[in-house]
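Observations on the model geometry
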Amino acid sequence: MSANMQIDDILQTMVIRSARLILRPMTVEDITPAYLAWLNDPVVTKGLEIRHQEQTYNTACAYIEAHLKNTANSRYWGIFEAQRMLHVGTVNLNDIHSLYKTADISFVIGHPETQGKGFATEAVHAVCNYAFSVMGLHRLTGGHYESNTGSMRVFQKNNFTLEGRRRQHIINVDGEREDSLIYGLLASEFQPQMTFCR
């Protein structure tokens with residue numbers, strides 16, 4: 001089987017449906033003016049590392065294409081509200097380790113109409129289920145700036161455990177040093193929630 005066929009097979013398995021959302025691999029066709037607007041919105045990106053440089057069609061295209069070509073080490077989903085097929089955010093698995101069966105998870109809800117509706121919690125739950133049941137991973141980790149209480153709630157609602165604190169690890173948008181927090185979730189600790197399942 002060719003490498004391209006293997007990648008295509010993986011991309012087909014990546015379509016995930018939850019109660020309100022459809023998650024599917026991001027493609028360059030998803031780079032719309034609205035998407036680029038979130039990536040450059042200081043309110044959306046104040047807790048993200050992408051805030052350090054302007055995001056353009058070319059940078060977004062390079063990022064998406066890198067994920068599509070390297071599914072062994074990363075997976076990148078667009079999050080779509082199922083009812084309207086409205087693109088509301090993204091969720092990633094990065095640093096996938098095939099031997100240790102581990103990965104890092106990150107996420108953002110960028111569409112201004114859809115923030116605060118629990119979509120990040122639902123999308124992270126769906127990807128955790130995929131990571132453990134389809135990919136056979138053993139452990140997921142994630143993190144956030146200490147001031148990002150929205151991300152904290154997403155991890156807590158998905159049963160992640162706070163495992164560590166990196167003291168004064170980042171410089172926030174106000175130019176001040178801030179801690180970052182690290183969370184972990186084992187496959188044995190994951191509890192599928194029927195309210196999120198379709």
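Heads up: these notes are all about the structure in this document. (Residues numbered from 1 in each chain as written. Predicted model: local features only at pLDDT ≥ 70, side-chain atom pairs only at ≥ 80, totals over all residues. Heavy atoms only, no water.)

1. Section: the sheet that holds strand 7 (residues 161–171)
Selection rule: By this definition, two strands are paired if DSSP reports at least two bridges between them. What counts as a helix is a DSSP run of H or I of at least four residues, what counts as a strand is a run of E of at least two, and both are numbered from the N terminus. Two residues form a contact once any of their heavy atoms are found within 4.5 Å. Fitting a line to C-alpha atoms yields each axis, with helices limited to the stretch in contact; the angle taken between N-to-C directions then spans 0 to 180 degrees.
If you trace the 8 strands from one edge of the open sheet to the other, you get 1-2-3-4-5-6-8-7, paired in mixed fashion. Looking at which strands have only one partner, the edges of the open sheet turn out to be strand 1 (16–17) and strand 7. Note that strand 4 (residues 86–97) and strand 5 (residues 102–109) share 7 bridges and pair antiparallel. Along strand 5, the bridge assignment pairs Leu 93 with Ile 105. Where helix 4 (residues 57–69) meets the sheet, it contacts strand 2 (21–25), strand 3 (75–81) and strand 4, and its direction lies at approximately 115° from that of strand 3. In the packing of helix 6 (residues 149–157) onto the sheet, contacts are made with strand 5, strand 6 (139–145) and strand 8 (177–186), and the angle to strand 6 comes to roughly 160°.

2. Re the side chain of Glu 178
Which entries qualify depends on this criterion: Distance and chemistry together define a polar contact, namely a pair of N or O atoms within 3.5 Å, with one atom able to donate a hydrogen and the other to accept it when in protein, and with adjacent residues in sequence counting only for side-chain atoms on both sides.
For Glu 178, the location among the structural elements is in strand 8. Within the local environment of Glu 178, its side chain forms a polar contact with the side chain of Asn 172, the two groups lying 3.0 Å apart.

3. Re the nonpolar core
In plain terms, the rule: In these notes, a set of buried Ala, Val, Leu, Ile, Met, Phe, Trp, Tyr and Cys residues joined through side-chain atoms within 4.5 Å is what counts as a nonpolar core. The classification of residues rests on relative accessible area computed with a 1.4 Å probe and restricted to protein chains. Under 20% of the type maximum is buried, over 50% is exposed, and intermediate values are partly exposed.
Ranked by internal contacts, the top residues of the largest apolar core, which has 34 residues, are Leu 23, Trp 77, Leu 93, Ile 105, Cys 128, Leu 140 and Phe 160. Secondary structure elements with two or more residues in this core: strand 2, strand 3, strand 4, strand 5, helix 5 (119–133), helix 6 and strand 8. In terms of residue count, helix 5 provides more of this core than any other element does, 10 residues in total. Those residues in contact with Phe 160 that sit more than four places away from it in its chain are Ile 105, Val 124, Cys 128, Leu 140, Phe 155, Tyr 183, Gly 184 and Leu 185. With 12 residues, the next largest nonpolar core counts Leu 36, Leu 39, Ile 64 and Tyr 76 among its residues.

4. A closer look at the pattern of salt bridges
To be explicit about the condition: One speaks of a salt bridge when a side-chain nitrogen belonging to Lys or Arg is within 4 Å of a carboxyl oxygen belonging to Asp or Glu.
Counted under the stated rule, the structure contains 7 salt bridges. The shortest N-O distance in the salt bridge between Arg 84 and Glu 113 comes to 3.6 Å. Note that Arg 84 is positioned in the loop between strand 3 and strand 4 and Glu 113 in the loop between strand 5 and helix 5, a separation of 29 residues in sequence. The class for Arg 84 is partly exposed, based on a relative accessible area of 48%. By relative accessible area, which is 48% here, Glu 113 ends up partly exposed.

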